[in-house]
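Understanding the architecture of this molecule
Here's the letter readout for the chains.
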Amino acid sequence: MNQPKRPSFPARLGPPSAQNAVRPVVRPAGNAAPRSAAPMPAPRGVGLDSAAVRSRMVQRLAASGISSAAVLQAMGSVERHLFVDTALVNQAYEDTSLPIGLAQTISKPSVVARMIELLLGAEGARGGLGRVLEIGTGCGYQAAVLGRVAREVYSIERLRGLHEKARNNLRPLRLTNVHLIFGDGMVGYAQGAPYAGIIAAAGGDAVPAAWCDQLAVGGRLVAPMVQSNGQQILLVIDKTPYGFNETVLEAVNFVPLKSGIA
Ligand code: SAH
């Protein structure tokens, strides 16, 4: 609860480059403010309005190959600037990971979109997922996006400070289908199982057995994983009636999966 108060977006002024993009505010004749007047309200409009900035982010995601309408819609509707610290608000819609405290980061939008698109898989076409487990709530951003594409989201975080931060970030959004749990995600969250999807936001060097157990048959797991050569890659595991199918995808760079709580 001791978070600094967030500014409404747009933040009261971005870096010089952002400010340069602001067109001068034209005041109607007869409304000219004297020089000593109170500061003008932050200008709104193209270039600064959060919906417009977000829709440009969505356009970039689509251009870079995200094709699921459900994912693009979800990315367009969750206000990422509400999940980052005040000083970083003007970078909220850039394709970059950002620090969220306690040496952790919020993933960049393209990675969030890519992983959720993978999670939806063929089900995406059939209009949404059932129950989803997210390991690594962080600031709660991805949980909010997941909440738009899944019926129920269980998101578990091992750091109490971040679990509470996510709680504070998500409270005003009133997403009744997003459930935050403080605990060690290495053991999954049996109470919500079986899951149609499991998504990890931290990379370990093996897939915990609990995740495979808690995945429904027909379900899919998407997780960063460190390979024997030390490189972290994105791994997709499908649980079929006949066993697990693993697919290794592109290299990624996630914070480490750790055990225990802190
Ligand atoms: N999805 C998050 C990204 C957070 S970064 C967001 O949108 O902000 C990954 C998070 O995984 C970190 O907060 C880290 O503390 C958490 N984490 C690492 N190992 C974990 C574990 N075993 N159980 C739960 N959370 C874990």
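For the structure itself, look to the data block above.
Counting restarts for each chain: residues are numbered from 1 in the order of the written sequence. The predicted origin of the model limits local features to residues at a pLDDT of at least 70 and limits the giving and counting of side-chain atom pairs to 80 or more, whereas totals for whole chains, interfaces and linings rest on all residues. Just so you know, side-chain values use all the structure's heavy atoms and leave hydrogens and water out.

Helix and strand definitions here come from DSSP, where helices need a minimum of 4 consecutive H or I residues and strands a minimum of 2 consecutive E residues; each element is numbered from the N-terminal end. Along the chain, the regular secondary structure elements total 7 helices and 9 strands. Looking at the chain as a whole, 46% of its 262 residues are labelled buried. Any two residues whose heavy atoms approach within 4.5 Å at even a single point are treated as in contact. In the chain, once contacts between residues fewer than 6 apart in sequence are set aside, the share between residues at least 24 apart is 56%. To measure how exposed things are, a 1.4 Å probe is used in the Shrake-Rupley method; for residues, cover is taken only from the protein chains shown. Accessible surface, the chain: about 13400 Å² in total, of which carbon and sulfur atoms supply 54%. The buried label goes to any residue with under 20% of its type's maximum accessible area, the exposed label to any with over 50%, and the partly exposed label to all in between, with areas taken from a 1.4 Å probe on protein chains only.

What follows is about helix 3 (residues 69–77). What helix 3 keeps buried is the set V71, L72, A74 and M75. Taken down its axis, helix 3 places every buried residue within 165° of arc, on the same side. Of the exposed residues in helix 3, the ones pointing more than 90 degrees away from its buried face are A69 and Q73. Looking at the buried residues of helix 3, the elements they touch are helix 2 (50–63), helix 4 (109–120) and helix 5 (141–149). Along the arc lie the directions from the helix axis toward the C-beta atoms.

Bringing the pattern of salt bridges into the picture now. Pairs can form between side chains of opposite charge once their charged atoms are near each other. Definition used for salt bridges: Asp or Glu carboxyl oxygen within 4 Å of a side-chain nitrogen of Lys or Arg. Inspection of every chain in the model, using the stated rule, returns 3 salt bridges. One salt bridge in this structure joins K165 and D85, with 3.5 Å as the shortest N-O distance. With a gap of 80 residues between them, K165 in helix 6 (residues 160–170) and D85 in the loop between helix 3 and strand 1 (98–101) connect regions that are remote in the sequence. Classification of K165 by relative accessible area gives buried; the value is 13%. A salt bridge links R114 to E250; the shortest N-O distance between them is 2.8 Å.

Spatially, 5-4-3-6-7-8-9 is the arrangement adopted by the 7 strands of the open sheet, whose pairing is mixed. The strands lining the two open edges of the sheet, one partner per strand, are strand 5 (178–182) and strand 9 (243–251). Averaged over neighbouring strand pairs, the angle between their axes works out to 15° when direction is ignored. In this structure, strand 8 (residues 232–240) lies alongside strand 9, joined through 7 bridges in antiparallel fashion. Along strand 9, the bridge assignment pairs I233 with A251. Against the sheet, helix 4 contacts strand 3 (129–135), strand 6 (195–200), strand 7 (215–226), strand 8 and strand 9, and its axis sits at roughly 155° relative to strand 7. Across the sheet, helix 5 lies against strand 3, strand 4 (150–157), strand 5 and strand 6, angled at about 160° from strand 4, the strand it touches most. For two strands to count as paired, DSSP must find a minimum of two bridges between them. Note on geometry: axes are lines fitted to C-alpha atoms, helical ones only across the stretch in contact, with angles between N-to-C directions running from 0 to 180 degrees.

Okay, the packing of aromatic side chains next. For this analysis, a ring pair means two rings from Phe, Tyr or Trp (six-membered ring only for Trp) whose centres lie within 6.5 Å, classed as stacked if their planes differ by under 30 degrees, edge-to-face if by over 60, and tilted for the remaining angles. As enumerated under the stated definition, the model contains 3 aromatic pairs in all. Summarising the aromatic geometry, the rings of F83 and Y141 are spaced 5.7 Å apart at their centres and angled 75° between planes, so their arrangement reads as edge-to-face. Here Y141 lies in helix 5 and F83 lies in the loop between helix 3 and strand 1, a separation of 58 residues in the sequence. Of the two residues, F83 and Y141, neither departs from the other in class, the shared state being buried. Measuring from ring centre to ring centre gives 6.0 Å for Y154 and Y195, while their planes differ by 65°; the resulting arrangement is edge-to-face. With Y154 in strand 4 and Y195 in strand 6, this pair connects stretches of sequence that are 41 residues apart. Each member of the pair, Y154 as well as Y195, carries the same accessibility label: buried. Every member of this aromatic cluster is reached through a ring pair, and the members are Y154, Y189 and Y195. Criterion for a charge above a ring: Lys NZ or Arg CZ within 6 Å of the ring centre, and within 35 degrees of the ring normal. For R80, the ring lying beneath its charged end belongs to Y141, and the centroid distance is 5.6 Å.

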